[in-house]
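Now for the letters of each chain:
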Amino acid sequence: IWEEVLKEAKKHCSDDVVSTWIKPLQMVEVRGDLITLQAPNKFYKNWVEEKYLDTLKKIFNEGLSIDADVLIITGDAPKAQAVSQIASPSAAVADYKIPASSNLNRDYIFENFVVGSSNQFSHAACLAVSEGHFQKYNPLFIYGGVGLGKTHLMQAAGNRIMERFPKLKVLYITSETFTNEMIQSLKTKKMDEFRSKYRNIDMLLFDDVQFLAGKQRSTEEFFYTFNTLYESQKQIILTSDKTPSEIPELEERMRSRFAWGLIADIQAPSTEEKAAIIMKRADIMNLKLSDELGIFLAENIKTENIRELIGALVRLSAYASFHNEPLSIALARKSLDKFLVRKDKMVTEENIIDAVTGYFNVKMSDLKSKKRTKSISLPRQVAMYILRSKLNISLQEVGELFGGRDHSTVLHSVQSIEKKCRDDKEIQEIIATLEKSLYS
Ligand code: ADP
Ligand code: MG
């Protein structure tokens, strides 16, 4: 029935609205006269109640002929669907005018942003702001780690405003540039100009506010800018890598103002979200990437920083075209560890085989042989198990590594270790030690 609701909803609202506001709801109860929907949090509840409750009622009453009232509650709903889309439509490019003075990047738009549970809340908040009701979530404070999409999202809100309300003035600035400009203006005695530039706008996107910490003069100047804009009901979006309370060097009056509006976070992406982002980016770059390769990269590029993730994809594609080879898992496995500046290196087949033969003090030729004594078969099974669990390789490929065993033999070995891992302390120890050695 929920599928039906979503289908009906598409008749009444845009896809954006459906996926951002309706989809995260969960139908928790359907009684004769009352349908209870659960929103992920209070922010969603308020927004949906205010804007889409009537639509929802209509969907149930008319679309589905269920004559019931609709109630929205909040609660710790199970995470909304992790990733909204794996195969995404092609990249969109802004085709409206953006004045250069806004400092907006045309690529940072909602259409190029993959929404998942890690960034759903901030995304929804930015989308809400870009509807143009400025007083509502003001200021909007987005916080999250480096490379998780804060700048992209805040600029998407700015770009959307430019698209919808071309007459409004949007200004994007990092706190560092703000500071530098201020210092320059002080030197050249052009502070009036500086102030009016920042106070005569409708929307200020102030990026990486944490860098103001400890800079008294710029904090002061920003404080007045903030107040002027706030009092004239202009929208302010701020980003930071920490919550306001985690920036103690920032003046208290500043921090308390940040808390007036809405504070939204961005978390590190899950593997599924990483895969979706890679697929989306491949699309934008016009790369042909199979779903399997996307997932392989998401699992093996050990970073939560989306900028690094995209960087690795760019390098892989450059490597492929340089060597004139198609993008494939084999190529990725061969080449990625060279590019990835990471502590936890990528594990290869050789690493695993070396680790296992070293640990058990056996020869690979014995593991390949038909010998079935315990001193040989256990290491062989362990090696197969780790190969399967750490590398994305098929049972068949594993079989080939071990003297051409067939896939059912491999499966049997892997399962027998899996089983032992559950209740055999010794095996648990062995596997743990081996895995640790792979990543050290
Ligand atoms: P932050 O400001 O949090 O450090 P950015 O907004 O600069 O991060 O994002 C880093 C890079 O990752 C940018 O190229 C951005 O377009 C991309 N990116 C981040 N999050 C997403 C996402 N959810 N979907 C698509 N691209 C993303
Ligand atoms: Mg940023």
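Worth saying up front: this structure is predicted, and the values here are computed from it rather than measured.

Peer 1: Just to check I follow, could you spell out the overall build of the protein for this structure?
Peer 2: Scanning the protein from terminus to terminus reveals 19 helices and 8 strands. Seen through its principal axes, the protein has C-alpha atoms that stretch 85 × 70 × 45 Å. Residue burial in the protein is summarised as follows: out of 440 residues, 48% are buried. Excluding contacts between residues fewer than 6 apart, the proportion of contacts in the protein whose partners are at least 24 apart in sequence is 72%. Taken as a whole, the protein presents about 21900 Å² of accessible surface, with 49% of it coming from carbon and sulfur. In the protein, the 60 positive side-chain charges and the 59 negative ones have mean positions that sit 4 Å from each other.

Peer 1: Mind showing me how you'd approach the site of ligand 1 here?
Peer 2: Close contacts around ligand 1 come from 18 residues, with Gly147, Lys150, Thr151, His152 and Arg307 the closest. Here an oxygen atom of ligand 1 and a backbone polar atom of Gly149 are 3.0 Å apart. In the complex, 93% of the free accessible area of ligand 1, which totals 550 Å², lies under the protein chains. Of all the secondary-structure elements, those providing two or more residues to the shell around ligand 1 are helix H5 (150-164), helix H10 (271-284) and helix H12 (306-322). Considered class by class, the residues forming the shell around ligand 1 number 8 nonpolar, 7 polar and 3 charged. Among the domains, domain 2 (100-266) and domain 3 (271-339) are the pair contributing at least three residues each to the shell around ligand 1.

Peer 1: Quick question: what am I supposed to make of unusual backbone geometry here?
Peer 2: Glycine aside, residues mostly have negative phi, and peptide bonds are mostly found in the trans state. Following Asn138, the chain continues to Pro139 via a peptide bond in cis, the omega torsion being -5 degrees. Relative to the helices and strands, Pro139 is located in the loop between helix H4 (120-129) and strand E4 (140-144). Even without being glycine, Asp208 reaches a positive phi, approximately 55 degrees. Locating Asp208 in the fold gives a position in the loop between strand E6 (203-207) and helix H8 (216-231).

Peer 1: How should I be thinking about the packing of aromatic side chains in this particular structure?
Peer 2: In this description, a pair of aromatic rings is defined by centroid distance and the angle of the planes. One pass over the full model with this rule turns up 16 aromatic pairs. Judged by centre distance (6.1 Å) and plane angle (65 degrees), the ring pair of Phe222 and Phe226 falls under edge-to-face. Taken together, the residues Phe222 and Phe226, both in helix H8 and 4 residues apart, mark about one turn of the helix. By way of ring pairs, the aromatic residues Phe141, Phe178, Phe194, Tyr198, Phe206, Phe222, Phe226, Tyr230, Phe258 and Trp260 are connected into one cluster. Over the ring of Phe223 we find Arg253; its NZ or CZ atom is 3.8 Å from the centre of that ring.

Peer 1: Explanation requested: the sheet that holds strand E1 (residues 26-30) in the structure shown.
Peer 2: What links the strands of a sheet is backbone hydrogen bonding, and the strands pair in either a parallel or an antiparallel sense. As summarised here, the arrangement of the 3 strands in space is E1-E2-E3, forming an open sheet in which the pairing is mixed. Pairing within the sheet leaves two strands with one partner each, and these edge strands are E1 and strand E3 (69-74). Across the sheet, the mean angle from the axis of one strand to that of its neighbour is 25 degrees, orientation sign disregarded. The pairing of strand E2 (residues 34-39) with E3 spans 6 bridges and is parallel. In the sheet register, Ile35 faces E3, and the bridge partner there is Val70.

Definitions and limits used
- Residues numbered from 1 in each chain as written.
- Chains lettered and ligands numbered in written order.
- Predicted model: local features only at pLDDT ≥ 70, side-chain atom pairs only at ≥ 80, totals over all residues.
- Heavy atoms only, no water.
- Helix = DSSP H or I, 4+ residues; strand = E, 2+ residues; numbered from the N terminus.
- Buried < 20%, exposed > 50% of the residue type's maximum accessible area, 1.4 Å probe, protein only.
- Contact = heavy atoms within 4.5 Å.
- Areas by Shrake-Rupley, 256 points an atom, 1.4 Å probe, with all protein chains shown as cover.
- Lys, Arg positive; Asp, Glu negative; His and termini not counted.
- Charge placed at Lys NZ, Arg CZ, Asp CG, Glu CD.
- Near = heavy atom within 4 Å.
- Polar contact = N/O pair within 3.5 Å; in protein donor to acceptor, adjacent residues only side chain to side chain.
- Nonpolar A, V, L, I, M, F, W, Y, C, P; charged D, E, K, R; others polar.
- Domains from an automatic or database assignment.
- Phe/Tyr/Trp six-rings, centres within 6.5 Å; stacked < 30°, edge-to-face > 60°.
- Lys NZ or Arg CZ within 6 Å of the ring centre and 35° of its normal.
- Pairing = 2+ DSSP bridges.
- Axes fitted to C-alpha atoms, helices over the stretch in contact; angles between N-to-C directions.

Functional significance is not addressed by these values, which are geometric in nature.
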